[in-house]
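As a plain string of letters, each chain reads:
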Amino acid sequence: MRPHPLVVFIRLCGVTGFGVFLGLAIAGLVGIITGRAFTDGTAWLAGVPVLAALGTAVGATTAWLTRRWFFSSMPRRWLLFASSGLLVLPLATAVGQGEVVSAVTFPSTALGSITTTILWRRGCRRKVALAQASPHQRLDRR
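Along each chain, the written sequence defines residue order, and numbers are assigned to residues from 1. For this predicted model, a pLDDT threshold of at least 70 governs which residues receive local features, and a threshold of 80 or more governs which side-chain atom pairs are given and counted, while totals over whole chains, interfaces and linings are taken from all residues. Based on all heavy atoms of the structure, the side-chain values leave hydrogens and waters out of the count.

(A) Expanded view of a nonpolar patch on the surface. Taken together, the side chains of L6, F9 and I10 make up a nonpolar region of the molecular surface, amounting to roughly 330 Å² of accessible area. Every helix listed is a DSSP run of H or I at least four residues long, and every strand listed is a run of E at least two residues long, numbered separately from the N terminus. Among the secondary structure elements, L6 is positioned in helix α1 (residues 5-34). Exposure above 30% relative accessible area and the lack of any salt bridge qualify a residue for a patch; like charges then connect within 9 Å, and the nonpolar side chains Val, Leu, Ile, Met, Phe, Trp and Tyr within 5 Å. Shrake-Rupley sampling with a 1.4 Å probe provides the accessible areas, and residues are treated as covered by the protein chains on show and by no other component. Put simply, a salt bridge is a Lys or Arg side-chain nitrogen that is within 4 Å of an Asp or Glu carboxyl oxygen.

(B) Representation of the packing of helix α2 (residues 44-65) against helix α3 (residues 77-93) within the structure. Every axis corresponds to a line fitted to the C-alpha atoms, with the helix fit spanning only the stretch in contact, and the corresponding angles, defined between N-to-C directions, vary from 0 to 180 degrees. Direction vectors running N to C along α2 and α3 enclose 145°, while the axes themselves pass 6 Å from each other. Crossing of α2 against α3: the hand is right-handed. Side by side, α2 and α3 meet where W44, V48, L51, A52, L54, G55, T56, G59, A60, T62 and A63 of the first sit next to R77, W78, F81, A82, G85, L86, L89, P90 and T93 of the second. Lys, Arg, Asp and Glu make up the charged group, whereas Ala, Val, Leu, Ile, Met, Phe, Trp, Tyr, Cys and Pro make up the nonpolar group; the residues left over, Gly among them, are polar. Tallied by class, residues from the contact of α2 with α3 come to 13 nonpolar, six polar and one charged. Take the far helix as your reference; a near helix turned counterclockwise from it by less than a right angle gives a left-handed crossing, and one turned clockwise gives a right-handed crossing. In this description, contact between two residues means that some pair of their heavy atoms is separated by no more than 4.5 Å.

(C) View of the packing of aromatic side chains. Two rings from Phe, Tyr or Trp (for Trp, the six-membered ring) form a pair when their centres sit within 6.5 Å of each other. Planes less than 30 degrees apart are called stacked, planes more than 60 degrees apart edge-to-face, and all others tilted. Summed over the entire model, instances satisfying the criterion amount to one aromatic pair. Ring centres 6.1 Å apart and planes at 15° place the aromatic pair F18 and F81 in the stacked group. Highlighted residues: F18 in helix α1 and F81 in helix α3, separated in sequence by 63 residues. By the criterion adopted, a ring carries a charge over it if an Arg CZ or a Lys NZ lies within 6 Å of its centre and within 35 degrees of its normal. Just above the ring of F81 sits the side chain of R77; from NZ or CZ to the centre is 4.8 Å.

(D) Representation of the side chain of T116. Along the chain, T116 falls in helix α4 (residues 102-133). We call a residue buried when its accessible area falls under 20% of the maximum for its residue type, exposed when it is over 50%, and partly exposed in between, using a 1.4 Å probe and counting protein chains only. Among the residues examined, T116 registers a relative accessible area of 8% and is labelled buried. Whenever two N or O atoms come within 3.5 Å, that pair is a polar contact, provided that in protein one can donate a hydrogen and the other can accept it, and provided that, for residues adjacent in sequence, both atoms are side-chain atoms. There is a polar contact of 3.2 Å between the side chain of T116 and the backbone oxygen of S113. Ignoring sequence-local partners within four residues, the contact set of T116 consists of V15, T16, F18, G19 and L22.

(E) Layout of α4. One less than the residue count of a helix, multiplied by 1.5 Å, gives the span that helix is expected to have. Taking 1.5 Å of rise per residue, 32 residues should cover 46 Å, and α4 covers 47 Å from first to last C-alpha, within 8% of that figure. Considered for burial, the residues of α4 that qualify are T105, S108, T109, G112, S113, T116, T117, W120, C124, V128 and A131. On the buried face of α4, the contacting elements are α1.

(F) Structural detail: the environment of G112. Here G112 shows up in helix α4. Distance from G112 to A25, taken between C-alpha atoms, is 9.7 Å for residues 87 residues apart in sequence.

(G) Examining unusual backbone geometry more closely. The phi dihedral of R76 falls on the positive side, at around 55°, and the residue is not glycine. Among the structural elements, R76 can be located in the loop between α2 and α3. Of the residues examined, R76 reaches a relative accessible area of 65% and is grouped as exposed.

Quick look at the structure:
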């Protein structure tokens, strides 16, 4: 049983968006390390606790929504996603503050999206191969 093409497309968009989000976080971290995120005197630093709380909620929600198709066998995945949201959302918003170098932003974003897409595609191929080997199993199971 093969998944519907619309479902595959939506999952592909989600995984690629997750990779872009991680790439932006890396670029934001570079901006913080180099001190460029603080050059304009923005209020970003005061908003970090709110961003961290939002990131935790978004991470936990993402873990719940993707529980069947993205790292489904990972133990305590909701805790990992929530803690990564706690760190990643403030870092991703640091890209918009100050003068983060665009020579870092675009490559890290592209690398993040390509990496997560390749990892997801490998898992999808493995799942389809298992389903074709034993036709009585459903594709959505672990």
